[in-house]
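# Structural features, examined
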Amino acid sequence: MTWELHLLLLLGLGLGSQEALPPPCESQIYCQGELLHQVQMAKLYQDDKQFVDMPLTTTPDQVLQSFSKLAVAYNYSIPREQLQEFVKQHFQAMGQELQPWIPEDWKDSPQFLQKISDAKLRVWAEQLHQIWKNLGKKMKPEVLSHPERFSLIYSKHPFIVPGGRFVEFYYWDSYWVMEGLLLSEMASTVKGMLQNFLDLVNTYRHIPNGGRVYYLQRSQPPLLTLMMNLYVTHTKNNTFLQENIKTLALELDFWTLERTVPVRSGGKSYILNRYYVPYGGPRPESYSKDVEVADTLPEEDRETLWAELKAGAESGWDFSSRWFVGGPNPNLLSSIRTSKMVPVDLNAFLCQAEELMSNFYSKLGNETEATKFRNLRAQRLAAMEAILWDEQKGAWFDYDLETGKKNLEFYPSNLTPLWAGCFSDPSVADKALKYLEDSKILTYQHGIPTSLQNTGQQWDFPNAWAPLQDLVIRGLAKSASSRTQEVAFQLAQNWIKTNFDVYSEKSAMYEKYDISNGGRPGGGGEYEVQEGFGWTNGVALMLLDRYGDRLTSGTKLALLGPHCLVAALLLSLLPSFLPW
Ligand SMILES: *[C@@H]1O[C@H](CO)[C@@H](O)[C@H](O)[C@H]1NC(C)=O
Ligand SMILES: *[C@@H]1O[C@H](CO)[C@@H](O)[C@H](O)[C@H]1NC(C)=O
Ligand SMILES: *[C@@H]1O[C@H](CO)[C@@H](O)[C@H](O)[C@H]1NC(C)=O
């Protein structure tokens, strides 16, 4: 089904409207309309996100009425100064609705710090643990009493944000934040964040990309069930699980009803998931950029472009050549065709969610539901093996629905099924190692690159992202082979060294790193690199916890060309008291 047709269905032509939900955001200020258009196209602010984050000083109706008067007075071409004055009168400065929050369960010296033997790394880990106190936010009561005056979506419980321009919560970031928080022994902060997400599912049937109304048209990689698993494994609180398991199922229903696609291969039909957003229009928080990209295309292609950009944002990889391949110019954003790809990582995340749901229901004594999810996982596993797995290359690849071919470019996401435990052949971890060697990925000493294409997009070379390091490292670590496990450790060592060196120089953690020229804060994409940073800190804490007895802040150990692997293995087998 084309997205246009889907849109018509959603708009309520009545066909199949059982599942149709109201349009996710009807705000004529924060999501669409003339006011948004005029202000964003006048570029009153350097970052379009600033305007849509500003609370109103009065009711939306009053704001719209006085805007309408202004527009008529100037025959719809309002001079910049008048627009500026209008915004000043009707909007408050951004960030007013959020207050700093020091998590109540934060405490000095969580246990895991004791596992870190390198003294400098241990001091650094203590500082990372401190940073949670800067990233905590809670909402002012006005957001609850006057929700129509804010783009912020009200959440009852305080939460941890990524940092920088990202002052609200983000969906998939929160998974790695929670991994770190649990190491910091902050289970009640995690529980509050989980409760916020569960509340969102109960209200909207899905979790938006982030905590603002303009993010409601799209989700982000579905990790809620995995988050619940982290919490339940840590606390053994099965009551909380029991109370909320139906909501977890409701979120997975959204991905089944709104984001699946049939794929035929070898005479069989399979069902897999994709990122897909059935709404056009520029993204409110990147409005002028989206309009400018669209201006390079014929008018009839613009709505489709915008829907594909939103689907790209839903994937978490906004943006990447991963979504441009097969387009008219695979280096350009205007070639984006996210919804035409069946992504490896999305299907791996859902595969793991289905397995966890099956385990949860078993634990709660509901065998009917446990069986249902076990079957869903088995079907997905078969589909992934048939459509995404490539035996010759030893990895999974995104599948292009239009060409019927796999995209054989390198992305760390190609190994997500390992991380997610979504495979049946135990030798895949060793095949994946060979795949990394063949793709020359182990020659990068400062982190695993996001792709091998340098397009200027932030989810491409030379940027490296913390969650993608985790996908590969914990994936390889599942192997029974000590050689593969050793490579996992070396990759962890490389990444920790990059994070640590940049921190030593800049006293900050970043959302992404540029791994060319020795490792530094990342660049490219739509905005300046941001400090903070939730998921980077979470992944660093996980690696420090897992490999704390061996990681070092000092000498470069990691020369990981394939020919060096044997040497690396031998070195690692030397007794650890040797002075290097
Ligand atoms: C208003 O603008 C439109 C086109 O932008 C133009 O056709 C019209 O004549 C203008 N009206 C006045 C009163 O200036
Ligand atoms: C477990 O969750 C239940 C339900 O939310 C709550 O009442 C209880 O206090 C929780 N127990 C712990 C130890 O957090
Ligand atoms: C199992 O879960 C389903 C879905 O939540 C529910 O309808 C059913 O009543 C449950 N069965 C048992 C035995 O608890």
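To keep things clear, this report deals only with the structure shown in the data block. Small disclaimer: the values here were computed from a predicted structure and weren't measured.

### A closer look at the packing of helix α17 (residues 428-438) against helix α19 (residues 482-506)
- The contact between α17 and α19 brings their axes to 10 Å, and the two run at 55 degrees. Classified by the angle between their axes, α17 and α19 sit oblique to one another. In the crossing of α17 with α19, the sense of the turn from one axis to the other is left-handed. Contacts between α17 and α19 pair Ala429, Asp430, Leu433 and Glu437 from the former with Arg483, Thr484 and Val487 from the latter.
- Split by residue class, the contact of α17 with α19 holds three nonpolar, one polar and three charged.

### Brief notes about the packing of α19 against helix α20 (residues 534-547)
- As a packed pair, α19 and α20 sit with axes 10 Å apart at the nearest point and diverge in direction by 130 degrees. In this view, α19 runs oblique relative to α20, as classed from their interaxial angle. Seen from above, α19 lies across α20 with left-handed handedness. Listed contacts from α20 to Ala488, Phe489, Ala492, Trp495, Ile496 and Asn499 of α19 are Thr536, Val539, Ala540, Leu543, Leu544 and Tyr547.

### Quick word on the packing of aromatic side chains
- Tallied over the entire structure, the rule returns 37 aromatic pairs.
- Judged by centre distance (5.1 Å) and plane angle (80 degrees), the ring pair of Phe166 and Tyr170 falls under edge-to-face. Considered together, Phe166 and Tyr170 belong to a single accessibility category, that of buried residues.
- Three or more aromatic residues link up through ring pairs in this structure, and these residues are Trp172, Tyr175, Trp176, Trp317, Phe349, Tyr411, Trp419, Trp459, Trp465 and Trp535.
- The side chain of Arg165 reaches across the aromatic face of Tyr527, ending 4.3 Å from its centre.
- The ring centre of Tyr276 lies 4.4 Å from the NZ or CZ of Arg274, which sits over that ring.

### Concerning the pairing of strand β2 (residues 136-139)
- Two elements, strand β1 (residues 98-100) and β2, share three bridges in a ladder whose sense is antiparallel. Note on β2: the bridge partner recorded for Leu98 is Met139.
- Relative to strand β3 (residues 159-160), β2 runs antiparallel, the two being bridged by two bridges. From the neighbouring strand, Gly136 faces β3, where its bridge partner is Ile160.

### Things to note about the sheet that holds strand β12 (residues 513-514)
- Pairing is antiparallel across the open sheet formed by three strands, whose spatial order is β11-β12-β13. In this open sheet, the two edge strands, each paired with only one partner strand, are β11 (463-464) and β13 (520-521).
- The pairing of β11 with β12 spans two bridges and is antiparallel. What sits directly across from Ala464, in β12, is Tyr513.

### Examining the state of the cysteines
- This structure, assessed with the given rule, holds two disulfides.
- Two residues share a disulfide in this structure: Cys25 and Cys31, whose sulfurs sit 2.0 Å from each other. Looking along the S-S bond of the Cys25-Cys31 disulfide, the torsion reads about 85 degrees, which is the right-handed sense.
- Here Cys351 engages in a disulfide with Cys422; their sulfurs sit 2.0 Å apart. Taking the sign of the S-S torsion, about 90 degrees here, the bridge from Cys351 to Cys422 comes out right-handed. One end of the pair, Cys351, is in helix α14 (residues 344-363); the other, Cys422, is in the loop between α16 (416-419) and α17, and 71 residues separate them in sequence.
- A relative accessible area of 2% places Cys422 in the buried class.
- The cystine pairing of the protein chain, numbering bonded cysteines in sequence order, is 1-2, 3-4.

Parameters and conventions
- As a convention, each chain's residues are numbered from 1 in the sequence order in which they are written.
- Working convention: letters from A go to chains and numbers from 1 go to ligands, in the order in which they are written.
- It should be noted that, the model being predicted, local features are given only for residues of pLDDT at least 70 and side-chain atom pairs only at 80 or more, the latter also being counted only at that level, while totals for whole chains, interfaces and linings use all residues.
- Side-chain measures were taken over the full set of non-hydrogen atoms in the model, leaving aside hydrogen atoms and water.
- To obtain each axis, a line is fitted to C-alpha atoms, and for helices this fit is confined to the stretch in contact; angles are then taken between N-to-C directions over 0 to 180 degrees.
- Strands are runs of DSSP state E lasting at least two residues, helices are runs of H or I lasting at least four, and both sets are numbered from the N terminus onward.
- The labels follow the angle: roughly parallel below 35 degrees, roughly antiparallel above 145, roughly perpendicular from 65 to 115, and oblique for the rest.
- Each crossing gets its hand from how the near helix is turned against the far one by less than a right angle, where anticlockwise is left-handed and clockwise is right-handed.
- Pairs of residues are marked as contacts when any of their non-hydrogen atoms sit within 4.5 Å.
- The nonpolar class holds Ala, Val, Leu, Ile, Met, Phe, Trp, Tyr, Cys and Pro. Asp, Glu, Lys and Arg form the charged class, and all remaining residues, Gly among them, are polar.
- Note on ring pairs: Phe, Tyr and Trp rings are taken, using the six-membered ring of Trp, and paired if centres are within 6.5 Å. Classes follow the plane angle, with under 30 degrees stacked, over 60 edge-to-face and the rest tilted.
- When accessible area is computed with a 1.4 Å probe and restricted to protein chains, residues below 20% of their type maximum are described as buried, those above 50% as exposed, and intermediate ones as partly exposed.
- Charge-over-ring contacts are defined here by two conditions on Lys NZ or Arg CZ: a distance within 6 Å of the ring centre and an angle within 35 degrees of the ring normal.
- Any two strands with at least two DSSP bridges between them are considered paired.
- Here, two cysteine sulfur atoms that lie within 2.5 Å of each other are counted as a disulfide.

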